[in-house]
Amino acid sequence: PAAVEFDVRLSGGKVLTIRHMDLLFPPIKIAGAGTVHLSGDMDFTADVSSGTLSVKKLPAGIVLGPIKAGTLDAALHVEGQMKERSSWRLSGLMRFDRGAIEVEGLNEPIRDAFVTLRFDQDDIQIQRMAFHLGDGDLRVSGPITHWAEAPKARLVVESSQLDVAAFVPSHRGSSAPH
């Protein structure tokens, strides 16, 4: 069964301190802590971490789009003004490892997917992204600036062997002649 556990304090009627808040949906546990100022611009800070989550062990009904296997891990800090999304600043690390992704239209799944993202305010650093598709491999690294509003990327893309045919959309399920 799912549960929410928390320890919260209200100071002077104006500052809500969340000493810990756990969202439990076995085997998922998302842990957090933070503060919210309940007046003015409603400034807040929050720390959230997931621990290592196995995609294959997610409870029935929870799906991550085309991601079929792998592990996820995140530790993030966010701060800003509650009512003003553009003021939010995110920092921390997200990691996806040993992934299998079934992209609609591709003949084969993406396998051995790995990505580490470092968030720093309005920028994301792709420290390492790698995967195999068909007989090829692809590695990507580099920054994405202004990711929340107007993303701009400067990426290095490398491959020791690129299987171009694996990127050509398949016509599975199509009744059109081939």
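As the structure is a computational prediction, the values presented were derived from the model and not from experiment. (Residues numbered from 1 in each chain as written. Predicted model: local features only at pLDDT ≥ 70, side-chain atom pairs only at ≥ 80, totals over all residues. Heavy atoms only, no water.)

On to a nonpolar patch on the surface. A cluster of nonpolar side chains, namely Val 4, Phe 6, Val 8, Met 21 and Leu 23, defines an oily patch on the protein surface of about 440 Å² accessible area. Counting only elements with at least two residues in the nonpolar patch, the list comes to β1 (3-11) and β2 (15-25). Residue contributions to the nonpolar patch peak at three residues, all from β1. With respect to the helices, strands and loops of the structure, Met 21 is situated in strand β2. (Patch = residues over 30% accessible without salt bridge, like charges linked within 9 Å, V, L, I, M, F, W, Y side chains within 5 Å. Areas by Shrake-Rupley, 256 points an atom, 1.4 Å probe, with all protein chains shown as cover. Salt bridge = Lys/Arg side-chain N within 4 Å of Asp/Glu carboxyl O. Helix = DSSP H or I, 4+ residues; strand = E, 2+ residues; numbered from the N terminus.)

For Trp 88, the position within the fold is in strand β7 (residues 84-101). Under the relative-accessibility criterion, Trp 88 is labelled partly exposed at 29%. Here the alpha-carbon distance between Trp 88 and Arg 9, two residues 79 residues apart in the chain, equals 23 Å. Every residue in contact with Trp 88, bar those within four places of it in the chain, is listed here: Phe 44, Val 78, Glu 79, Gly 80, Gln 81 and Met 82. Reaching out from Trp 88, the side chain makes a polar contact with the backbone oxygen of Glu 84 at a distance of 3.5 Å. (Buried < 20%, exposed > 50% of the residue type's maximum accessible area, 1.4 Å probe, protein only. Contact = heavy atoms within 4.5 Å. Polar contact = N/O pair within 3.5 Å; in protein donor to acceptor, adjacent residues only side chain to side chain.)

The sheet contact formed by β1 and β2 spans nine bridges and is antiparallel. Directly across from Ser 11, in β2, lies its bridge partner Val 15. The hairpin formed by β1 and β2 contains three residues between the paired strands, and Gly 12 there has a positive phi angle of roughly 60 degrees. Two successive antiparallel strands, β2 and strand β3 (residues 28-37), enclose a turn made up of two residues. (Pairing = 2+ DSSP bridges.)

Turning our eyes to something else, we now look at the pattern of salt bridges. On inspection of all chains with the given rule, the structure shows five salt bridges. Across the salt bridge formed by Asp 7 and Arg 19, the nearest N and O atoms sit 3.2 Å from each other. Here Asp 7 is found in strand β1, whereas its partner Arg 19 is found in strand β2, with twelve residues between them in sequence. For the salt bridge of Arg 98 with Asp 97, the shortest nitrogen-to-oxygen distance reads 3.5 Å. With a relative accessible area of 15%, Asp 97 lands in the buried category. Each of the salt bridges in this network shares a partner with another, and the network as a whole consists of Arg 95, Asp 97 and Arg 98.

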